[in-house]
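Structural features, examined
Chain by chain, the residues:
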Amino acid sequence: MYEKFKKLISYYKPYKNVLILDLLLLVLSDFIVIFIPVICNYITNQVFQFEKTKAIKITVILSILVILLSVSVYFCKRYIEYQGSMFAFKMSSDIEIEIFEHLQKQNFSFFDEQKTGKLVSYITNDAYNLANVIKRAPEVALSFTIRFLAAFVFFFIKNVFFAFILLLVFICVFIFILYFSPKVQKITANSREIFSDLIAYLEENLSGIKTVQSFTNENIEIERFRSNNDIYIKERNKICSLSSIFRGGIFSFAVSLIPIVTIAGAFFMINGNINAGDFIVYLLYIDILLGPIFSFVDLNEFLQEGIVGFNRINNILSSKSETVDSPNSIVLKSVRGKIEFKNIYFKYGESDKNVFKNLNFSVEPGECIALVGSSGSGKTTICNLIPRFYDLINGEILIDGINIKDVKLKNLRQNIGFVQQDTFLFSGTIKENICYGKPEASEGEIIKAAKDAYAHDFIIGLQEGYNTHIGHKGLKLSGGQKQRLAIARVFLKNPPILIFDEATSNLDNESERYIQKSMEKLTKNRTTIVIAHRLTTIINANKIFVILDGKIVEKGTHKELLKKNGTYAKFYNFF
Ligand code: ADP
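The following paragraphs examine the structure supplied in this document. (Residues numbered from 1 in each chain as written. Predicted model: local features only at pLDDT ≥ 70, side-chain atom pairs only at ≥ 80, totals over all residues. Heavy atoms only, no water.)

1. A closer look at the nonpolar core
In this structure, Phe155, Phe162, Leu166, Ile250 and Tyr285 are the most contacted members of the largest nonpolar core, which totals 42 residues. Looking at this core, the elements with two or more residues in it are α5 (116-158), α6 (160-207), α8 (218-255), α9 (257-270) and α10 (276-318). Setting aside residues no more than four positions away along its own chain, Phe155 makes contact with Val160, Phe162, Ala163, Leu166, Tyr282, Tyr285 and Ile286. Among the nonpolar cores identified, the runner-up in size contains 40 residues, and Ala455, Tyr466, Val530 and Leu561 belong to it. (Core = buried A, V, L, I, M, F, W, Y, C linked by side-chain atoms within 4.5 Å. Buried < 20%, exposed > 50% of the residue type's maximum accessible area, 1.4 Å probe, protein only. Helix = DSSP H or I, 4+ residues; strand = E, 2+ residues; numbered from the N terminus. Contact = heavy atoms within 4.5 Å.)

Pasting the structure below:
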């Protein structure tokens, strides 16, 4: 609890000066608002006792004072609204950046368990809800306290009965808030969770729209989205229903002050306890008090959203990335590229099945190893373990004899080039995408990398050449073109170790030939591990590992394995 409070306070730190000024101006404007009825009271009770010209003079002077005070309230409010709102947005952006930074450092296991859409909803909605409450809570609480105390003191001095009524109404409002808040918070938490699921569903659907359309499942998806929306609407309905009782109740309590003060005031006036001037001022004070009571109700609803957001953000921020640099981690210098897997045990997350039990193999510098095996046998997992996308349960992976756990993560990954089946291109220009792994690359280096990857010709054929913008996720490029850009990226990065997950499924013959040629160039003098789908890769590999159910069942060159007439031969003949 204390940690959470400390965390909350830390969000104020960069804006403490703005916040202090914001609250000071709020206090000032509230005092002015409270003081104006006192002037009115003086005008209605005292001024008429003076002779006419003096009374007019005093009234004019006091009117000018009221105008000046109102103008100063305008400036106070302007600062509070402008700077105050900006500080809420800046704080929201700070929280968003904090979550984003945290997410960038999480390893693959974290993302295996989280839906992207949900994370997006934490960054967008929860961060803003939290910042909004952080900004508004002190303002509303302060304004309410000042106005309530002022009204209470005023009534207490003028008429204890009214002060007592005020206190009673306030206690009722307070009990009402205490009773309803936990209920509102519970339903709000549910509704936020359902909303995040809705965003996650939306994200998944739009990312997989090609699959949806290829299976002509649009109507099924629309129905699913409609029913998810219905669930959300039902949850919102609960909130609206509770909120209507809550707001209605508070509104009635608060507004009841007007008839109570009017009726009681009328009786007091008939009995001569108060005069008409006092009576008007009583009503003005009730009016001054109603505003903060309603803000308090608003705040309570924001508060519930903020608390839910804060809890969810805290959960995300408290998840520690398992893959971090060890205290004495080192930087690899001039990597030769020997890779050793020693007694490797690995399983994914909470899964009870080990992918590898005591896996052992080694790859010599500059060798090209092809991994072959049925789907689900562990080929991709081997590739993911080398850059530490996941950490081992037991055993060690060595590069040039050094345990990768002892190498700085950034340095380790700088030494490995990854070309994946599903190439991800960022929205931006072709040039920006090629130099993603080396932002400082010169124009000449970028063009050379593109030429090596046989991408230069198709790039210069595009309308704006290297400056052509590729749509989100590279939608405007063919599969083969995207892969050639991914290979150009790796040429530019120039790592000593290469991991390549071959994609043949959506490549035409021409692209396949280009990729094959560029791969031949790329793998020269680099240690390469290929998840092989192409026969040519398999035939040319220095060694082939046949993997079945997490075990290397055969090892050797193409010829050796064919001669053996075992599992590999069966695979090969099947190809
Ligand atoms: P391959 O690349 O040979 O097809 P993988 O290495 O992808 O096989 O998968 C090996 C095993 O690990 C399979 O049983 C698969 O279901 C499981 N697996 C792969 N990725 C994950 C993951 N992210 N979370 C949990 N299990 C996974």
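2. Focus: the sheet that holds strand β9 (residues 497-501)
Taken in spatial order, the six strands of this open sheet run β6-β9-β10-β3-β11-β12, and their pairing is mixed. At either margin of the open sheet sits one strand with a lone partner, and together these are β6 (416-419) and β12 (551-556). Between one strand axis and the next, the sheet turns through 20° on average, direction left out of account. Inspection of the sheet shows β9 paired to strand β10 (residues 527-531) by five bridges, in the parallel sense. (Pairing = 2+ DSSP bridges. Axes fitted to C-alpha atoms, helices over the stretch in contact; angles between N-to-C directions.)

3. So, the pattern of salt bridges
In total, this model carries 21 salt bridges according to the counting rule given. With its nearest N and O atoms 2.8 Å apart, the salt bridge here joins Arg147 to Asp30. You can see Arg147 sitting in helix α5 and its partner Asp30 sitting in helix α2 (residues 16-45), a full 117 residues away along the chain. For the pair Arg147 and Asp30, one class covers both residues: buried. Residue Lys353 is joined to Asp549 by a salt bridge in which the shortest nitrogen-to-oxygen separation is 3.8 Å. Pair noted here: Lys353 is in the loop between β1 (339-346) and β2 (356-363) and Asp549 is in the loop between β11 (543-548) and β12, with a separation of 196 residues, a long-range link. As far as the burial class goes, Lys353 and Asp549 line up, both exposed. Where salt bridges share partners, they join Lys118, Asp126, Arg192, Glu193, Asp197, Arg236, Glu305 and Arg312 into one cluster. (Salt bridge = Lys/Arg side-chain N within 4 Å of Asp/Glu carboxyl O.)

4. Quick word on the site of the ligand
Around the ligand, the neighbouring residues are Asp112, Tyr348, Val355, Ser374, Ser375, Gly376, Ser377, Gly378, Lys379, Thr380, Thr381 and Tyr390. Between the ligand and the protein, one listed contact pairs an oxygen atom with a side-chain N or O atom of Lys379 at 2.9 Å. Taking Thr381, its side chain carries an N or O atom lying 2.4 Å from an oxygen atom of the ligand. In the complex, the protein chains occlude 63% of the 560 Å² of accessible area that the ligand would expose alone. Among the elements that make up the shell around the ligand, the one with the highest residue count is helix α11 (residues 379-385) (three residues). Residue composition of the shell around the ligand, by class: three nonpolar, seven polar and two charged. (Near = heavy atom within 4 Å. Polar contact = N/O pair within 3.5 Å; in protein donor to acceptor, adjacent residues only side chain to side chain. Areas by Shrake-Rupley, 256 points an atom, 1.4 Å probe, with all protein chains shown as cover. Nonpolar A, V, L, I, M, F, W, Y, C, P; charged D, E, K, R; others polar.)

5. Looking at the pairing of strand β4 (residues 394-399)
Across five bridges, the pairing between β1 and β4 is antiparallel. The partner of Glu340 across the bridge, within β4, is Leu398. Relative to strand β5 (residues 402-403), β4 runs antiparallel, the two sharing two bridges. Within β5, the residue paired with Leu398 across the bridge is Asn403.

6. Describing the packing of aromatic side chains
This model, assessed by the stated rule, comprises 28 aromatic pairs. With 6.2 Å between their ring centres and 5° between their planes, Phe176 and Phe246 make a pair best called stacked. You can see Phe176 sitting in helix α6 and its partner Phe246 sitting in helix α8, a full 70 residues away along the chain. Centroid distance Tyr179 to Phe180: 5.2 Å. Interplanar angle 90°. Geometry classified as edge-to-face. Members of the aromatic cluster, each reached through a chain of ring pairs, are Phe108, Phe346, Tyr348, Phe389, Tyr390 and Phe418. Over the aromatic face of Phe545 sits the side chain of Lys555, whose NZ or CZ is 5.4 Å from the ring centroid. (Phe/Tyr/Trp six-rings, centres within 6.5 Å; stacked < 30°, edge-to-face > 60°. Lys NZ or Arg CZ within 6 Å of the ring centre and 35° of its normal.)

7. Focus on the sheet that holds β1
Reading across from one edge, β2-β1-β4-β5 is the order of the four strands in this open sheet, with antiparallel pairing throughout. Both outer strands of the open sheet, β2 and β5, are each paired with one neighbouring strand and no more.

In short, geometric facts, not functional conclusions.
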